[in-house]
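Now for the letters of each chain:
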Amino acid sequence: MKMKGFGTIVHGESVGFIEKDIPEPGEFEALMEPVVIAPCTSDVHIAFEQGHNDARNHRILGHESVGRIVKLGAGCKEYKVGDIVVVPCTTPNWRTLEVQDGAYQHSGGLCQGMRIGTSQDGVMAEYYLVNDVEMNTAKIPEGVSLESALMVSDMMTTGFHGVELAGVEFGDNVVVIGTGPVGLMAIVAAKLRGAARIIAVGSRSRCVELAKQYGASDVVNYKDGDIYEQIMYLTGGKKVDRTVIAGGGTEQLPIAYKLTRPAGGIGDLVAADTPPRLNIDTADFCRFVAHHRLAGGLCPGGRRRAERLLGLIQYGRVDPSLMLTHKCYGLDGCKDSFEMMRNKTDELIKPIVYMNV
Ligand code: NDP
Ligand code: ZN
C-alpha cells in the first residue's frame, strides 16, 4: 500500500510530493495519521541547508504533530488504536547508552534523538511512524485544544529549553534574541522562571506585539543597528544575567557573550551554520576566562516532558495557540505552509495544517 507525503526531493535543491510505501510499525512503535501538524523553520534548514546530505534526498519533512494511532506494534500495552497524542519532535531511543549519560537527544549518535523528518520520514504525510510511542508521546488532557497541544511538540519544549540552558533565575535580566515562535516561548518561560526584565530582539510586527503580550519588557529591532549597543543603551551599560539565542545565525554567539555578565548564562537554540566560520575578537568573549556558561541544545522530548508542558497549558500558565496566525489544510497545506516558512511575511508567526481532524 502506498502513501503520499511532502518532502525533500534533492537536498539543497528541491522539495515536492513523494510517494512511498506505508510503513509497518515494529516493536513498541505506532503507525500514526497526522491530526494537525505545523511546519518548522528547521524544516527549511533541513531541506536546504546544513551542508550537502544525500541521505536527506527523497525524505518526507515535518516533525511537529498531534497524531492518531492507526496501528500499534508488538509490546505496546497502554495505548490503543484511535488514541490521539502529542508527538514531540525529539523521540529518543531510550535503550541507548547516551540516555544513561543524560544526553537522550543524542541517543544513537549526535542529534539522532531527533529522527522524525530527518533520518526517518516525517509527519507531512498520510501516515508516519513513531518509535517507542508509549515513552515518547503524551495524551492530551481535558481543556487543552489540539492547536495548543501541537505547540508542545517543538516550539514550547524548545523555547523553554533555551531558558533552562541559560539558567534563568528569579530577578534575572534576560535577553531573548529572536521573537519567532521559539523566542516567544522562551519569553514565556523566562517570565515563568521569575525573570525581572526581558529584552526581546526581533523585527516582524506581529511577533513583536505578541512578545510584549507574553512578557517582554522591551523590544529591540536588530534592523535598527547594533544589538549590543541598543541593549547597553537600555540597561545603562549593564550586561544582562542571561541570554537565549533563538534567532539569527552563528554571529549571534559573540554578541550573546558580549551582552552577558561574567558567570552569566547563554542558552543557544540555533543550530548555527550560517556563517560556517566565525572570525571572533577574543575580547568579546572576555578572553574565555569570565566564567560564562554556554550551553547549546536540541529540543527535549519524552512523554514526561510533554505531559509537564501540557499541564502548564491546562492550568492557564501559557496559551501557545496565540502564535498560530495561518491555517492550511491537508497535504497541499503542508506544501503551502512550508513555503510560508521559507518566505515569512510580517503577519506570520506560525501556520497550522489541519490534516485528519
Ligand atoms: P523564526 O524565523 O520565526 O524567528 C527567528 C527570529 O530571529 C525572528 O524574530 C527574526 O527576526 C530574528 N532574527 C533574524 N535574524 C536576526 C539577526 N541577525 N539578529 C537578531 N535577530 C534575528 O524562527 P523560529 O522561532 O521558528 O526558530 C528559531 C530558531 O530556532 C531557528 O534557527 C530554528 O531552526 C531553531 N530551532 C532549534 C531547535 C532546537 O532543537 N535547538 C528546535 C526548533 C527550532 P524577524 O522578526 O526579522 O523575523
Ligand atoms: Zn522544529
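Not measured: the values here are computed from a predicted model. (Residues numbered from 1 in each chain as written. Chains lettered and ligands numbered in written order. Predicted model: local features only at pLDDT ≥ 70, side-chain atom pairs only at ≥ 80, totals over all residues. Heavy atoms only, no water.)

Listed as protein donors to the zinc ion (ligand 2) are Cys 40 (SG), His 63 (NE2) and Asp 154 (OD); their distances from the metal cover 1.8 to 2.3 Å. Read in sequence order, the donor residues coordinating the zinc ion (ligand 2) give the pattern C-x22-H-x90-D. Placement of His 63 in the loop between strand E4 (59-60) and strand E5 (64-72) and of Asp 154 in helix H4 (residues 146-166) is noted, with a sequence separation of 91 residues between them. (Donors = N, O, S within 2.8 Å, 3.2 Å for Na, K, Ca; no water. Helix = DSSP H or I, 4+ residues; strand = E, 2+ residues; numbered from the N terminus.)

Take the site of ligand 1 next. Around ligand 1 there are 29 residues in total, and Thr 41, Ser 203, Arg 204, Tyr 222 and Lys 344 lie nearest to it. Within the side chain of Tyr 222, an N or O atom sits 2.6 Å from an oxygen atom of ligand 1. Measuring from a nitrogen atom of ligand 1, one finds a backbone N or O atom of Leu 269 at 2.8 Å. Broken down by secondary-structure element, the contributors of at least two residues to the shell around ligand 1 are helix H1 (41-48), H4 and helix H5 (181-192). In terms of residues, the shell around ligand 1 owes the most to one element, H1, which gives three residues. (Near = heavy atom within 4 Å. Polar contact = N/O pair within 3.5 Å; in protein donor to acceptor, adjacent residues only side chain to side chain.)

On to the pairing of strand E6 (residues 84-87). With four bridges connecting them, E5 and E6 associate as antiparallel partners. Counterpart to Arg 68 in the pairing with E6 is Ile 84. Relative to strand E8 (residues 138-139), E6 runs antiparallel, the two being bridged by two bridges. Among the inter-strand pairings, Val 86 is bridged to a residue of E8, identified as Ala 138. (Pairing = 2+ DSSP bridges.)

Two numbers describe how H5 lies on helix H6 (residues 205-214): the axes approach to 9 Å, and their chain directions differ by 15°. When the axis of H5 is compared with that of H6, the two are roughly parallel. Crossing geometry of H5 relative to H6 is assigned as right-handed. Counting all contacts with H5, which are made through Leu 184, Met 185, Ile 187, Val 188 and Lys 191, the residues of H6 involved are Cys 207, Leu 210, Ala 211 and Tyr 214. Its residues placed into classes, the contact of H5 with H6 shows eight nonpolar, no polar and one charged. (Axes fitted to C-alpha atoms, helices over the stretch in contact; angles between N-to-C directions. Parallel < 35°, antiparallel > 145°, perpendicular 65-115°, else oblique. Left-handed = near helix turned anticlockwise from the far one by under 90°. Contact = heavy atoms within 4.5 Å. Nonpolar A, V, L, I, M, F, W, Y, C, P; charged D, E, K, R; others polar.)

This part covers the environment of Val 10. Inspection of the secondary structure puts Val 10 in strand E1 (residues 2-10). Here the alpha-carbon distance between Val 10 and Pro 262, two residues 252 residues apart in the chain, equals 45 Å.

The way to describe two aromatic rings as a pair is by their centre distance and the angle between their planes. One pass over the structure, following the stated rule, counts six aromatic pairs. Where Trp 94 meets Tyr 104, the ring centres are 5.0 Å apart and the plane angle is 40°; that geometry is what we call tilted. Highlighted residues: Trp 94 in the loop between E6 and helix H2 (97-100) and Tyr 104 in the loop between H2 and strand E7 (128-130), separated in sequence by 10 residues. Tyr 104 gets classed as buried once you look at its relative accessible area, which sits at 18%. Ring centres of Tyr 329 and Tyr 354 lie 5.6 Å apart, and the angle between their planes is 20°; on these two criteria the pair is classed as stacked. In this pair, Tyr 329 is assigned in strand E15 (residues 324-329) and Tyr 354 in strand E16 (residues 350-354), connecting sequence segments 25 residues apart. One aromatic cluster in this structure is built from Phe 6, Phe 17, Phe 48 and Phe 338. Cation over ring: Lys 4 sits above Phe 17, and NZ or CZ is 4.8 Å from the ring centre. (Phe/Tyr/Trp six-rings, centres within 6.5 Å; stacked < 30°, edge-to-face > 60°. Buried < 20%, exposed > 50% of the residue type's maximum accessible area, 1.4 Å probe, protein only. Lys NZ or Arg CZ within 6 Å of the ring centre and 35° of its normal.)

All right, on to the pattern of salt bridges then. Once their charged atoms are close, side chains differing in charge can pair, the charge on each being opposite to the other. Taken as a whole and judged by the stated rule, the model has 17 salt bridges. Close ionic contact of Asp 83 with Lys 139 constitutes a salt bridge, the shortest N to O distance being 3.3 Å. Here Lys 139 lies in strand E8 and Asp 83 lies in the loop between E5 and E6, a separation of 56 residues in the sequence. Exposure remark for Lys 139: the relative accessible area of 39% places this residue in the partly exposed category. With a shortest N-O distance of 2.9 Å, Glu 307 and Arg 303 are connected by a salt bridge. Taken as a pair, Glu 307 and Arg 303 lie in helix H9 (residues 303-314) at a separation of four residues, close to a single helical turn. Of the residues examined, Glu 307 reaches a relative accessible area of 26% and is grouped as partly exposed. (Salt bridge = Lys/Arg side-chain N within 4 Å of Asp/Glu carboxyl O.)

Another aspect to go through is the sheet that holds strand E9 (residues 173-177). Remark on secondary structure: sheet strands pair via backbone hydrogen bonds, oriented parallel or antiparallel. Pairing within the open sheet is parallel, and its six strands lie in the order E11-E10-E9-E12-E13-E14. In this open sheet, the two edge strands, each paired with only one partner strand, are strand E11 (218-220) and strand E14 (293-296). Along the sheet, successive strands turn relative to each other by an average axial angle of 15°, direction set aside. Summarising the sheet, strand E12 (residues 240-245) and strand E13 (residues 260-268) pair through five bridges and their orientation is parallel.

Take Glu 29: it is sitting in the loop between strand E2 (14-21) and strand E3 (30-38). With no salt bridge to any partner, buried Glu 29 finds its closest opposite charge in Arg 115, at an N-O distance of 5.1 Å. (Lys, Arg positive; Asp, Glu negative; His and termini not counted.)

Along its sequence, the chain is organised into domain 1 (2-139 + 319-354) and domain 2 (159-296). Between the C-alpha centres of domain 1 and domain 2 there is a distance of 28 Å. Facing 15 residues of domain 1, the contacting portion of domain 2 comprises 13 residues. Across the domain 1 to domain 2 interface the summed buried area is about 1200 Å²; carbon plus sulfur atoms make up 56%. (Domains from an automatic or database assignment. Buried area = accessible area lost by both parts, 1.4 Å probe.)

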